[in-house]
Amino acid sequence: MSHFTSEDEALLQSMLRQLLQSVKEKITGAPSVECAEEILLHLEETDENFHNYEFVKYLRQYINNTVGSVIEEETEKCTSAQNQGEVSGYDTLVQRVTKKTRESKEYREMMHALKNVMMVVVESLINKFEEDRMCNKELGSKTKNGRQSGCYTDNCSDSDSSLNQSYTFMSQEQLQLLVERLDPIQPKEVRQEALQTLCFVPPSDILNSEGWPTLRKHLTTSLADPDATLGEKVLRFYAKTFSSSPFNVTRDVYTSLARHLELYFLSGEYSLRVSAGLDVSNTDVNRLLKKVRLLNEYQKEAPSSWIRHPEKYMEEVVESTLSLLSVKHEANPDFLSPVYFLALIDIKAVWFKKWTHAYYSRAVVLRLLEKKYKSLINAAVQQCLDYFEFCKAVVNKKSRVNDFFQQHCSDKQNFSYTGSGLQYIYFVHSLCLLGRLLIYKQGRNLFPVQLKNKKDSVSITNLLVLFTQLIYCSPSYPKALVAAHADNYSPASLVMEILQVFCDQTGCTAECLYTDAVIDALLHPVQSLLSGTEVYINCLETTLIDVADILTRIAAVDDGLSLLLYGENEKTAKENRPTAVHIIVQFTKKLLHDDISHLSGSELLPVVKGAFIFVCRQMYSTCEGLQMLIPYGLHESITEAWKKASSLSERVPTPVTGMESTSSINLESKNTLLWEETLLDALLNFSATPKGLFLLHSTGALNDCVSFMFSSLSKKLQADEYEEFGNRVIVTQMATTPTGAVALQSSGFIKALVTELWALLECGKDDVRITQPKSTPVDPIDRSCQKSFLSLINLLTYQAVFELLSEQDIPNKQMYSLREVPTDVIDIIDRLIILNSEAKIHSLFNYEQSHIFGLRLLNVLCCDLNTLLLLETQYKVSQVLLTAQEENVTEPSEGPGDFIIDALSVERNHVLVRINLIGGPQERNLPLRVLDKGSDPYIWPMFSSFPLPRCYLAEIPTKAEFRQDKDLDKLLSLLKHPEKQTGWTEICRKLFCKVMKARPEIISGTTCEALKNFIGLRGFSME
């Protein structure tokens, strides 16, 4: 290339143009210049036609001619070195040749020449592009308009995408010229053409250029230009920048747009009022909404990237936003502020939720709200108060409101909002914002707030009471209207979302919800119905269901349960003011007796009953709660309702095919069955406590409840962890009573448990296709059997063992079929514990694992002395184990054999010692179940007859070895010397005499005699 001619330049230009045309789609699809460079650098990996391009062929030929000889020479050197063993491997050979070639003089000269030539070629291409563009400009307005319509077909500012654009790479001089052409003093046509070009330039190049500050001012001016075309093009550029540039670049554009909007709302040309409503089809309003929507889209996307940049960048974005939303006119309360427009675009304040999700940004947002923009919070609280006052006025008039909700959710063809519709939208936005704010401690620190038109400040409790009252004080809306919209913006549903989140957040629950004022507000409709006063509540059933839902969530937590039982302050609770538990249980009883006239004949009445029964269930599942509910006899009321529902379900006619009423009969049958199961479930949960189990037994519904529990467990393939734990607790409580154990057996629960255990231990599940053999268990009880083991332990209390095993003999069959599956506890003992015949051993597929499981079960059962005595008297378990140990010996030619040490003999030895020696760790030595390394792996002696070896008996210390109480000796010696005594001794004597007179039997022995002698020595009378 030392002799580079114009023909060579033209040839290279054509080849380079061909390459760029071929990869045009890939380059234009890149979001930034850096990405475009990456695509070109990895083109060989991604383009299968890479080696067919003329430019690539030309470069390959040029490299071969320039450094080909160097490559061949280095290859020969490395090959000879490889043969001599100095270099090994193909990869090492290639790396060495490449390194030597790049270090050669020829390679450096080639790169220098190639760089110079390509700079000339690229510069020529750019110049030619500029000439072509200027020629196109002179074609006339018709051609220009056609080209514009072809480039931009969507007038929506934030729907623009860099994926549909081409890039024009400009030098700094060209960018500076572009800035000058955007100056407001330039003609409109020049500015439009400059903006058209600006949309093709990579945003990163523009924002990194020296002329960006000036260009930013020109763009802001263009946004406010009366000509809508200029504003549209600027918004397209902003949207393109937001979608394809990093946060450190886009923050500048965002703050510019936010500042422009702030100045526009503060300017005299803006005159929109809330009372006048808003016509979205108006051109100016539409342009304003587009700007706010672009702003909001960036607000929701920015949090995903700003953590990777300095905090000051994020603070600029946050402060510009809060400054914009705080704009208002003090003299004109009817001013349609920016927050209304943002609420129209993002009614549920998703932007605020995302900004406060992470602590990194939440700290900045809440700090700025506290120091500079608290007026934004005050305005949101004021809006909620205003809406609540409106609701009270409407409810008192017994009228319906179609204004707010209907205007917000009206026909899609309606492009206007009334003033009340705007107020409601702003209320929803404020409600969601405040609900999110109260989740965080720093957000709660912003309260109380002082409002201008309110004498007293608004605290968190006041705000939560207001939220709660909105559940039942909101005006009703046409049901058809509400049902037509999937996203429900009714106040009750919004408040329920907020309160449910509060209940799930342990930090804010106590501060926000656990107050008497909030509980009273929740129970207001309940108290009204109990007292028989007139109730002005729309959708009464839905309101009661919502109230019960929140009460259930509160009662599910210990602190919340304490609040419902005793009030906010148990010590200062007023006797004449009933706590929440009394109101709830009275209302539940009235519901069960159908004694609420306002709800008679309602389709949702069973749902309301079930919701409040569930609240009571959360309380009577604990000992404290049950104690408070016992005087009301709730278990009796539920039992009566269950018996009534059971009799109704028996009278439901059998559906007949072909009858028109078949579907209604099926629906009625399903509803009745569901209500019956709800009541059984409520009764079943009384057994969560011992006293509750006694109450359940007194109702006579114990067997039905256990059968229902077993049926429910059989149907549910998967239960959540909380429900499964609750079922285990109930089963354990049931098993502590004889009647409960019998009910568990008659329901089939025990049979199912034993069958499942056998399947896990021996045969596996029939419906599981075995593709590979099961792994050999390494634990004494395999992980798959641990759940069944614990279930059996919880079940087999002494009361259950006595009911299930008393006066029952071991089957001891002559032969056991391999398909014979145990179905009862006696079968488990026969097949897994007392293996006293070859038939039992041969019937087990996994003899050692199954027998160890049985021995471990026996080991735990015998910890109860009553169970041990029953098993010993009926089945002689000790003798069975001793016989097994005796048979488990070697067979030497002479003399007695030695015990065979294996897992079973070690386990049997442990059980024998445990069941024949009673006491704690200081009274007996239990042998370990593990083997040691070395010549003697098991140091504990085994035995096959009584008595036990003495090593298992702990040595009892003699009397002389007992530790003397030196402190007591010092005290007695001190009491014998009056001169050393102080005033405390007189107090000691008085207390001692007081105790001796009240309970003389508690002190005896040497200590008592010494103290009496001392008292006698002092002449102190005990009378």
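These figures come from a predicted structure and were not determined experimentally. Chains are numbered independently. Their residues run from 1 in the order of the written sequence. Given that the model is predicted, a residue must reach a pLDDT of at least 70 before its local features are reported, and side-chain atom pairs must reach 80 or more before they are shown or counted; all residues, however, enter totals for whole chains, interfaces and linings. Only heavy atoms go into the side-chain values, all of them from the structure, while hydrogens and water stay out.

### Comments concerning helix α28 (residues 516–531)
Argument step 1. Think of it this way: any DSSP run of H or I at least four residues long counts as a helix, any run of E at least two long counts as a strand, and we number them from the N terminus. Here the expected length of a helix is defined as 1.5 Å per residue gap, with one fewer gap than residues. In this model, α28 (16 residues) spans only 20 Å end to end at C-alpha, well below the 22 Å of a helix rising 1.5 Å per residue.
Argument step 2. What the bend at a residue measures is the angle between two axes, fitted to the seven residues ending there and to the seven starting there. Residue Leu523 marks the point of greatest curvature in α28, where the axis turns by about 50°; the proline Pro525 follows within four residues.
Argument step 3. Where α28 is buried, its residues touch α24 (460–473), α27 (506–512), α29 (540–555), α30 (558–566), α31 (580–592) and α32 (605–620).
Argument step 4. A positive backbone phi angle near 80° is found at Gly532, which sits one or two residues after α28. Between two residues, a contact is recorded if the distance between any of their heavy atoms is within 4.5 Å.

### With respect to the packing of helix α46 (residues 865–875) against helix α47 (residues 877–887)
Argument step 1. The axes are straight lines fitted to the C-alpha atoms, using for helices just the contacting stretch, and the angles between their N-to-C directions are given from 0 to 180°. Their axes nearest at 7 Å, the elements α46 and α47 cross at an angle of 65°. Our classification of the angle between α46 and α47 gives roughly perpendicular. In contact with Leu871, Glu872 and Tyr875 of α46, α47 contributes Val877, Ser878 and Val880. Comment on the angle field: the value is read as roughly parallel under 35 degrees, roughly antiparallel over 145, roughly perpendicular from 65 to 115, and oblique elsewhere.

### Looking at the pattern of salt bridges
Argument step 1. Just to be clear on terms, a salt bridge is a Lys or Arg side-chain nitrogen sitting within 4 Å of an Asp or Glu carboxyl oxygen. Here the structure, examined in full by the defined rule, presents 24 salt bridges.
Argument step 2. Here Lys372 and Glu319 are joined by a salt bridge, their closest N and O atoms 2.1 Å apart. Here Glu319 lies in helix α16 (residues 311–325) and Lys372 lies in the loop between α19 (359–371) and α20 (374–396), a separation of 53 residues in the sequence.
Argument step 3. A relative accessible area of 23% means that Glu319 is categorised as partly exposed.
Argument step 4. We note a salt bridge from Asp549 to Arg553, for which the minimum N-O separation is 3.3 Å. Separated by 4 residues within a single helix, Asp549 and Arg553 lie in helix α29, roughly one turn from each other.
Argument step 5. Each of Glu311, Glu315 and Arg367 takes part in one network of salt bridges that share partners. Per-residue accessibility, obtained with a 1.4 Å probe over protein chains only, is compared with the maximum for each type, and a residue is labelled buried under 20%, exposed over 50%, and partly exposed between these values.

### Re a negative patch on the surface
Argument step 1. Only residues above 30% relative accessible area that lack a salt bridge enter a patch, with like-charged residues linked at up to 9 Å and the nonpolar side chains Val, Leu, Ile, Met, Phe, Trp and Tyr linked at up to 5 Å. Per-residue accessibility takes into account occlusion by the displayed protein chains alone, with areas from the Shrake-Rupley method and a 1.4 Å probe. Think of it this way: Lys and Arg go in the positive column, Asp and Glu in the negative one, and His and the chain ends go nowhere. Here the site of a charge means NZ on Lys, CZ on Arg, CG on Asp, or CD on Glu. A cluster of acidic residues, Asp558, Asp559, Glu570 and Glu624, forms a negative patch at the surface.
Argument step 2. In this fold, Glu570 is placed in the loop between α30 and α31.

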